[in-house]
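# Observations on the model geometry
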Amino acid sequence: MRRRDETLAVDQIVRRISIAAGRLALGGLILLLCSVAIFPFYWMVVTSIRPSAQLFEFPPKLLPSADSVFSPYVTLFETSGLGRWLLNSAAVSLTTGLVATFFGAMAAYALSRFRFRGRRTSEMMLLLTQMFPAILLALPMYVVFARLNLLDSLAGLTLAYLAFLIPVAAALLKAFFDAIPVELEEASLIDGASRLGTLFRITLPLSLPGLASTYMFCFIISWDEFLFARMFIRQPENWTVSLGLASFKGEFVTPWDQVMAAAAIVTLPAALIFLALQSYLVRGLTAGGVKG
Amino acid sequence: MATALLEKVTKRFPDHLAVDQIDLNIAEGEFLVLVGPSGCGKSTTLRMIAGLERATSGNIWIGNELVNLVSPRDRDIAMVFQNYALYPHMTVLGNLSYALRLRGVRLVEIERRVKQAAAALDLSELLRRRPAQLSGGQRQRVALGRAIIRQPKLFLMDEPLSNLDAKLRVQTRAEITRLQREIGVTTIYVTHDQTEAMTMGSQIVVMNEGRIQQVDAPRQLYHHPANTFVAQFVGTPPMNLLNCHIDLDGGMLRGDGVRVSFPVPLLTALASASTDRPLLVGFRPEDAALLNGSSECEFEGSVIAAEELGHETLVTLENGEQRFIVRLAPALADRAQLGDRVLFAVDPEKLRFFDTQTGAAISVFDISDQLSHFRETRP
């Protein structure tokens, strides 16, 4: 009897150890993946505060040096137009995100809920717009924008981004609307709301996670965009941050500490937007509405 | 409270005809049940009354108003959905008061009505919860509450019990019936479950393949089905239907396991009503009794299955190609063992006749008078 108890106890200990080992291994793996993802950002920040003399030391030091300097950050704002470029980018990206999400939502709702001739074709067209290489469209767009006097203006650039992002937003949001049971809207229609009232009271609140992630997607794409900005914008005071960053690469010298400092500053807004919206990204908001 | 009227209402979807020219008259305060197998058009009919689906042709009246082109929100109806369709981002309170808020009802009035509805449905403790935090039965009650709080002209219910477990279903069935009687609102209720239809409806509409098969009160539907579809759809187990032919010379109906002596005038009437000589004779499983000796109306078969249900035993019998089921008291079940050949008698007045080809019931003039006359004159 006692022996059996002992084997049972041993069994239990072995099981506990194996569970602990499994967790440890999983934790290690997650840590490894995270560090791979985070390392470039870490390196960016560390490089930006390293004194210029130590920048190309070999072997490279992983830890920030004792005599770290923050002067590149100050110099950046004093000597370059970074502040201006940040504002430009913010204006373009915030507007693009907002407008693309709004019109995308309208289009997605129609595609998801109404049956009309050409619905499937329109849906295919949304995807088709994504199949062209951007450079193929850039040239004709340049010609059209030149005629319309939209070159070298932030409004023009926003328009160009919208042309690309509204279809993406519509396709993304359609999937979210499709997941909302149509009975909820029917119940609302019977309860006395109009179609539009139902959209704003029922459908949109329930698709907040979708709206948030769509907005974020559009924001980040237009924040990072380089090709169109390069082609359409001339004057340095109209540059967006991606153009600004590229301009640091000089013909003879590249101030790497400043480039890294600027990159760190540029990355920040995208990270902030993500943090602000991430609580909406949690799914499961519609749980419990239908079915038992 | 209102009446509702459907005139030649048809709904054609691109690929099929869902509802085919139905006429329906719903009286004030009535509890009308639409019942039929899935795909019979009952839900589509309900959705057309709600305005969620537009009729391809025909007219729909609610009260004295032609509502064909009226939007759902202006029809003054309330609907309970199969999956409840509670708004997940609102609390129970928000769900209950949604329709009233949309209509701009005064806050004091909203509060009063919410309290009243919550009390009636035992929801008072749950007003601050969200649908995700409720059990299936509670969600069901919120869905009902959302309907009754409106005091609408019509209640529409689309299989509201099918997501509940069996015990809760029976309980809620009674609750809905009680509620409807108390409020007295005209109700149209859709179900595929004939037990639900029989227990709840004051009038039952049996539908199949987009057409109305019969409209009647439950008892009438059960005892006088209009055709073989209704006979087999209503009742568990369904009505037995056996093939037989008319033997005018012998004064009998004969078939595999069927021997029914009938007065000649009755047989002649049957023969002329039926387009061809063979016809279907039907009886309910509980109308057959074990027979010692002989009877004017005999059914015979060998037992192929016996299902013990406790309060009764269902015995399935076979004779040639034909099968029928009888319901026996447990005490008598021993007399019908597997493989036994057993004889049953059925009261001739309980027999129903159907045309083999069309399936329509053959109503013979005053069968009981004929029979009593026949019995008196028989030696």
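Residues numbered from 1 in each chain as written. Chains lettered and ligands numbered in written order. Predicted model: local features only at pLDDT ≥ 70, side-chain atom pairs only at ≥ 80, totals over all residues. Heavy atoms only, no water.

Before going further, it helps to spend a moment on the nonpolar core. In this structure, Phe177 of chain A together with Leu34, Met79, Leu154, Leu156 and Ile188 of chain B are the most contacted members of the largest nonpolar core, which totals 49 residues. At five residues, strand β2 (residues 17–26) of chain B tops the list of elements feeding residues into this core. Beyond its immediate sequence surroundings of up to four residues, Ile188 of chain B is in contact with Ile26, Leu32, Leu34, Leu46, Ile49, Leu154, Phe155, Leu156 and Met157 of chain B. Listed in part, the 42 residues of the second largest apolar core include Ile110, Phe155, Leu161 and Val234 of chain B. (Core = buried A, V, L, I, M, F, W, Y, C linked by side-chain atoms within 4.5 Å. Buried < 20%, exposed > 50% of the residue type's maximum accessible area, 1.4 Å probe, protein only. Helix = DSSP H or I, 4+ residues; strand = E, 2+ residues; numbered from the N terminus. Contact = heavy atoms within 4.5 Å.)

In this complex, chain A contributes 23 residues to the contact, which on the side of chain B involves 27 residues. Overall, the association of chain A and chain B removes approximately 2200 Å² of surface from exposure, summing both partners, and the carbon and sulfur fraction of that is 61%. On the surface where chain A and chain B come into contact, there are two salt bridges. Taking the shortest distance from any N to any O, the salt bridge between Glu186 of chain A and Arg47 of chain B comes out at 2.7 Å. In this assembly, chain A and chain B are joined by 11 residue pairs in polar contact (both at pLDDT 80 or more). (Buried area = accessible area lost by both parts, 1.4 Å probe. Salt bridge = Lys/Arg side-chain N within 4 Å of Asp/Glu carboxyl O. Polar contact = N/O pair within 3.5 Å; in protein donor to acceptor, adjacent residues only side chain to side chain.)

Predicted confidence across chain A gives a mean pLDDT of 86, with 95% of residues reaching 70 or more. Low confidence marks residues 284–289 of chain A, where pLDDT is under 50. Its contacts with residues over four positions away, or in another chain, come to 18 contacts. (pLDDT = per-residue confidence, 0-100.)

Moving on: the packing of helix α2 (residues 92–102) of chain B against helix α3 (residues 107–120) of chain B. Residues and elements named next belong to chain B. For the pair α2 and α3, interaxial distance at closest approach is 10 Å and the crossing angle is 135 degrees. Taken together, the axis directions place α2 and α3 in an arrangement best described as oblique. The chirality of how α2 crosses α3 is right-handed. Contacts between α2 and α3 involve Leu93, Leu96, Ser97, Leu100 and Arg101 from the first element and Ile110, Arg113 and Val114 from the second. (Axes fitted to C-alpha atoms, helices over the stretch in contact; angles between N-to-C directions. Parallel < 35°, antiparallel > 145°, perpendicular 65-115°, else oblique. Left-handed = near helix turned anticlockwise from the far one by under 90°.)

Let us now look at the packing of aromatic side chains. Each aromatic ring pair is summarised here by two numbers: the centre-to-centre distance and the angle between the ring planes. Considering all chains together, one arrives at 20 aromatic pairs over all chains under this definition. Measuring from centroid to centroid gives 5.9 Å for Tyr109 of chain A and Phe177 of chain A, while their planes differ by 80 degrees, and the two rings are edge-to-face. You can see Tyr109 of chain A sitting in helix α3 (residues 82–113) and its partner Phe177 of chain A sitting in helix α6 (residues 154–178), a full 68 residues away along the chain. Given the relative accessible area of 0%, Phe177 of chain A is considered buried. Ring centres 4.6 Å apart and planes at 55 degrees place the aromatic pair Tyr87 of chain B and Tyr98 of chain B in the tilted group. Of this pair, Tyr87 of chain B sits in the loop between β6 (77–80) and α2 while Tyr98 of chain B sits in helix α2, and the two are 11 residues apart along the sequence. For the pair formed by Tyr87 of chain B and Tyr98 of chain B, the shared burial category is buried. Through pairs of rings, three or more aromatic residues link up here, namely Tyr142, Phe145, Phe164, Phe228 and Phe232 of chain A. Against the face of Tyr87 of chain B rests Arg146 of chain B, its NZ or CZ located 4.6 Å from the ring centre. The lysine or arginine in question, Arg284 of chain B, covers the ring of Tyr222 of chain B, its NZ or CZ lying 3.9 Å from the ring centre. (Phe/Tyr/Trp six-rings, centres within 6.5 Å; stacked < 30°, edge-to-face > 60°. Lys NZ or Arg CZ within 6 Å of the ring centre and 35° of its normal.)

Further remarks concern the packing of α6 of chain A against helix α9 (residues 208–224) of chain A. Residues and elements named next belong to chain A. Their axes nearest at 10 Å, the elements α6 and α9 cross at an angle of 155 degrees. In terms of orientation, α6 lies roughly antiparallel with respect to α9. Two packed elements cross with a definite hand, and for α6 against α9 that hand is right-handed. Residue-level inspection shows Tyr161, Leu165, Val168, Ala169, Leu172, Leu173 and Phe176 of α6 in contact with α9, the latter providing Pro209, Gly210, Leu211, Ser213, Thr214, Phe217, Cys218, Ile221 and Ser222.

All names here are of chain B. Strands sit in the order β6-β7-β8-β3-β9-β10 across an open sheet of six strands; the sheet is mixed. Only two strands of the sheet have a single neighbouring strand rather than two, namely β6 and β10 (211–216). Averaged over all pairs of adjacent strands, the angle between strand axes in this sheet comes to 15 degrees, irrespective of strand direction. Pairing of β6 with strand β7 (residues 154–158), which is carried by four bridges, proceeds in the parallel orientation. If you follow Val80 over to β7, its bridge partner there is Met157. Each of β3 (31–35), β6, β7, β8 (186–191) and β9 (203–208) touches helix α1 (residues 42–50); the most contacted strand, β7, lies at about 150 degrees to it. (Pairing = 2+ DSSP bridges.)

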